[in-house]
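# Structural characterization, general
Spelled out from the first residue to the last, the chains are:
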Amino acid sequence: MKVAGIDVSHKTITRVIDRDGQPGKPREFKNTPAGHVALSKVLCKAPVSRVGLEATGWYHIDPALALDDAGLALMVINPKAAKRFAEARPSMPPSWPNSPCACPSPPGNAPMPWL
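Summary of the structure given here. Bear in mind the structure is a predicted one, so any value in this text is a computation, not a measurement. Within each chain, residues carry numbers counting from 1 in the order of the written sequence. Two thresholds apply to this predicted model, a pLDDT of at least 70 for residue-level local features and 80 or more for giving and counting side-chain atom pairs, whereas whole-chain, interface and lining totals are computed over all residues. Excluding hydrogens and water, the side-chain values take into account all heavy atoms of the structure.

### Observations regarding the pairing of strand β1 (residues 2-8)
Using the following cut-off: DSSP-based pairing: two strands are paired if at least 2 bridges between them are found. Each helix corresponds to a stretch of at least 4 residues labelled H or I by DSSP, and each strand to a stretch of at least 2 residues labelled E; elements are numbered beginning at the N terminus.
Both β1 and strand β2 (residues 12-19) contribute to a ladder of 7 bridges, which runs antiparallel. When the sheet's bridge partners are listed, Ala 4 is paired in β2 with Ile 17. Between the antiparallel neighbours β1 and β2 lie 3 residues.

Listed below in structure tokens is the structure:
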């Protein structure tokens, strides 16, 4: 599955396409109507199943509309909410591997137990 992540700034849009967990090389486009069309064409040609677009001020609105018009599955992500989500995830204490009460790691891809 291919997904794309897009960072938007005043002058540029940077996109990275992730192919099965391996991020590709970043590519920049101008944050102009011509740049939005070029970005849409690249993403449609890839093809990606989903696009995550960082909502930065109002700079993300025109690229988001262009990607939606191109028929791409788009998620507009609030960077503050993404940061808060990452902060809320449980993390392993520094003494985790040496802790006498450490639980064994779950098998395979099972999620880590809540601490």
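### With respect to unusual backbone geometry
Although it is not a glycine, Asp 20 adopts a positive phi angle of roughly 50°. Here Asp 20 shows up in the loop between β2 and β3 (22-23).

### Structural notes on the nonpolar core
For clarity, the cut-off: As used here, the term nonpolar core means buried Ala, Val, Leu, Ile, Met, Phe, Trp, Tyr and Cys residues forming a set that is joined through side-chain atoms within 4.5 Å. The buried label goes to any residue with under 20% of its type's maximum accessible area, the exposed label to any with over 50%, and the partly exposed label to all in between, with areas taken from a 1.4 Å probe on protein chains only. Any pair of residues with heavy atoms lying within 4.5 Å of one another is described as a contacting pair.
One finds Ile 6, Leu 39, Leu 43, Val 48, Val 51 and Leu 67 to be the most contacted residues of the largest nonpolar core, which totals 16 residues. Of all the elements in the fold, those that place two or more residues in this core are β1, β2, α1 (33-45), β5 (50-54) and α2 (61-69). With residues near it in sequence (within four places) discarded, Leu 43 still touches Ala 4, Ile 6, Arg 15, Ile 17, Val 48, Val 51, Leu 67 and Leu 72.

### Overview of the pattern of salt bridges
Stated precisely, the cut-off is as follows: By definition here, a salt bridge exists when the distance from a side-chain nitrogen of Lys or Arg to a carboxyl oxygen of Asp or Glu is within 4 Å.
As enumerated under the stated definition, the model contains 1 salt bridge in all. Here Arg 84 ties to Glu 87 by a salt bridge, and the two come within 3.6 Å at their closest N and O atoms. Note that Arg 84 and Glu 87 are positioned in helix α3 (residues 79-88) at a spacing of 3 residues, about one turn of the helix. Take Arg 84: its relative accessible area is 45%, and that puts it in the partly exposed class.

### Digging into α1
Residues that lie three or four places apart on an α-helix share one face, since the helix turns once every 3.6 residues. The following threshold applies: Expected helix span is taken as 1.5 Å per residue step, with the number of steps being one fewer than the number of residues. To be clear, the arc concerns the directions from the helix axis to the C-beta atoms.
The first and last C-alpha atoms of α1 sit 18 Å apart over 13 residues, in line with the 18 Å expected at 1.5 Å per residue. What α1 keeps buried is the set Gly 35, His 36, Leu 39, Ser 40, Val 42 and Leu 43. One face of α1 carries all of its buried residues, which in axial projection span an arc of 165°. The exposed residues of α1 that point more than 90 degrees off its buried face are Pro 33, Ala 34, Lys 41 and Lys 45. Those residues of α1 hidden inside the fold are in contact with β1, β2, β4 (27-30), β5 and α2.

### What about the environment of Asp 7?
Positionally, Asp 7 belongs in strand β1. Since its relative accessible area comes to 40%, Asp 7 is described here as partly exposed. Note: C-alpha distance between Asp 7 and Gly 52 (45 residues apart in sequence) is 8.8 Å. In contact with Asp 7, not counting residues within four places along its chain, are Thr 12, Ile 13, Thr 14 and Glu 54.

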